[in-house]
Amino acid sequence: MDIKLETIGTTLVVKINGEIDHHTAQVFKSEVDREINLRNIVNLVLDFDGVTFMDSSGIGVVVGRYKEITARGGKVMIIRVKPQVDKILEISGLKTILECSH
Amino acid sequence: MENYMKLEVPAKSINESFVRAVVAAFSVQLDLSVEDLADIKTAVSEAVTNSIVHGYANMKGIVKVVCKVVDGCIEIEISDFGVGIEDVSMAMQPLFTSKPECERSGMGFTVMQTFMDDLVVKSKPGEGTVITMKKCIGG
């Protein structure tokens with residue numbers, strides 16, 4: 001997995017390529033958290049176009065960032081979600097608290 | 001004789017992607033749909049991650065995988081010899097996690113149950129856990 005970070009004002013756009021599991025979630029978490037703190041990020045956009053796989057470890061890290069961002073008064077959005085990832089977002093109930101789009 | 005395969009890896013998180021890819025590759029012979037194969041990959045990833053994170057609590061150990069093709073179904077057995085689960089039915093509750101501080105979602109067993117046609121969890125504290133799951137063509 002590799003991630004690309006782009007900051008637009010107080011919004012952080014994270015483009016993820018590859019698989020999100022327990023192993024890669026650690027990298028995701030540390031890189032995104034560092035950027036959130038460094039640049040005083042308020043809103044987070046997760047671009048999932050390049051995500052080829054995600055399991056419940058991915059849910060854990062998204063929820064973790066969601067808590068941080070909502071504590072800052074911001075919003076989390078997941079865009080360009082693929083069907084397999086959509087299924088796990090649906091089961092986890094994440095789609096009821098986040099804005100998700102295909 | 002029905003087709004089968006056995007796999008053994010050390011409980012290292014880098015092996016999560018390897019195991020799910022191998023099991024998916026083995027399952028291809030069943031002519032399952034792309035969605036079914038994705039479901040198998042996800043369920044296997046959950047089981048292997050559980051063994052690493054909970055069974056061995058990130059310590060050394062071995063995860064064993066046995067896959068069998070039986071009557072148009074793939075049977076997958078994932079075992080560890082770690083700490084085991086005290087209360088299996090509690091562990092299987094959606095959102096239950098023994099490690100909230102590690103940002104575990106508590107959705108592992110729910111995903112396995114939802115994505116597979118059958119799931120059996122056998123565990124003994126101090127001995128380990130065996131997860132058996134099944135996916136059938138058109139299941």
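Below or above, wherever it landed, is the structure these notes cover. Every value quoted in this text rests on a predicted model; they were computed, and no experiment measured them.

**A closer look at helix H2 (residues 56-71) of chain A**
Residues and elements named next belong to chain A. The terminal C-alpha atoms of H2, which comprises 16 residues, lie 23 Å apart, in line with the 22 Å expected from a rise of 1.5 Å per residue. For H2, the full list of buried residues reads Ser 56, Ser 57, Gly 58, Ile 59, Gly 60, Val 61, Val 62, Gly 64, Arg 65 and Ile 69. The backbone nitrogen of Ser 57 has a side-chain oxygen 3.0 Å away, supplied by the residue at the start of H2, namely Asp 55. Remark: Gly 73 follows H2 within two positions and exhibits a positive phi of approximately 80°.

**Digging into the interface of chain B and chain A**
Counting residues at the interface gives 25 residues for chain B, matched by 20 residues for chain A. Summed over both partners, the interface of chain B with chain A buries about 1800 Å², with 52% contributed by carbon and sulfur atoms. Considering only the side of chain B, the residues that lose the most area to chain A are Arg20(B), Glu103(B) and Phe115(B), jointly responsible for 29% of the buried surface there. For the interface between chain B and chain A, the tally reads six salt bridges. Glu103(B) is the salt-bridge partner of Arg65(A), the closest N and O atoms lying 2.8 Å from each other. There are 14 residue pairs in polar contact (both at pLDDT 80 or more) connecting chain B and chain A.

**Concerning the state of the cysteines**
Residues and elements named next belong to chain B. Scanning the entire structure with this criterion turns up one disulfide over all chains. Across the disulfide from Cys 73 sits Cys 136; the S-S distance is 2.1 Å. Here the S-S torsion is close to 100°, and the disulfide linking Cys 73 with Cys 136 is therefore right-handed. Highlighted residues: Cys 73 in strand E3 (residues 73-80) and Cys 136 in strand E5 (residues 128-136), separated in sequence by 63 residues. In terms of burial, Cys 73 and Cys 136 fall into one category: buried. No disulfide involves Cys 67; its sulfur sits 13 Å from the nearest other cysteine sulfur, which is in Cys 73.

**Regarding the pattern of salt bridges**
Note on pairing: side chains with opposite charge can pair once their charged atoms come close. What the rule picks out here adds up to 16 salt bridges over all chains. Here the salt bridges share partners, and the residues they tie into one network are Lys87(A), Glu35(B), Asp36(B), Asp39(B) and Lys135(B).

**Section: unusual backbone geometry**
Residue and element names in this part refer to chain B. One non-glycine residue, Ala 57, lies in positive phi territory at about 45°. For Ala 57, the position within the fold is in the loop between helix H2 (34-55) and strand E2 (62-70). One non-glycine residue, Glu 103, lies in positive phi territory at about 60°. If you trace the backbone, Glu 103 turns up in the loop between helix H3 (88-91) and helix H4 (108-115).

**Thoughts on the sheet that holds strand E5 (residues 99-100) of chain A**
All names here are of chain A. Pairing within the open sheet is mixed, and its five strands lie in the order E1-E2-E3-E4-E5. The outermost strands of the open sheet, each flanked by one partner alone, are strand E1 (2-8) and E5. As judged from the seven bridges shared by E1 and strand E2 (residues 11-20), these two strands associate in the antiparallel manner. If you follow Leu 5 over to E2, its bridge partner there is Val 14.

Scoring rules and cut-offs
- Residues numbered from 1 in each chain as written.
- Chains lettered and ligands numbered in written order.
- Predicted model: local features only at pLDDT ≥ 70, side-chain atom pairs only at ≥ 80, totals over all residues.
- Heavy atoms only, no water.
- Helix = DSSP H or I, 4+ residues; strand = E, 2+ residues; numbered from the N terminus.
- Expected span 1.5 Å × (residues − 1).
- Buried < 20%, exposed > 50% of the residue type's maximum accessible area, 1.4 Å probe, protein only.
- Polar contact = N/O pair within 3.5 Å; in protein donor to acceptor, adjacent residues only side chain to side chain.
- Contact = heavy atoms within 4.5 Å.
- Buried area = accessible area lost by both parts, 1.4 Å probe.
- Salt bridge = Lys/Arg side-chain N within 4 Å of Asp/Glu carboxyl O.
- Disulfide = S-S within 2.5 Å.
- Pairing = 2+ DSSP bridges.

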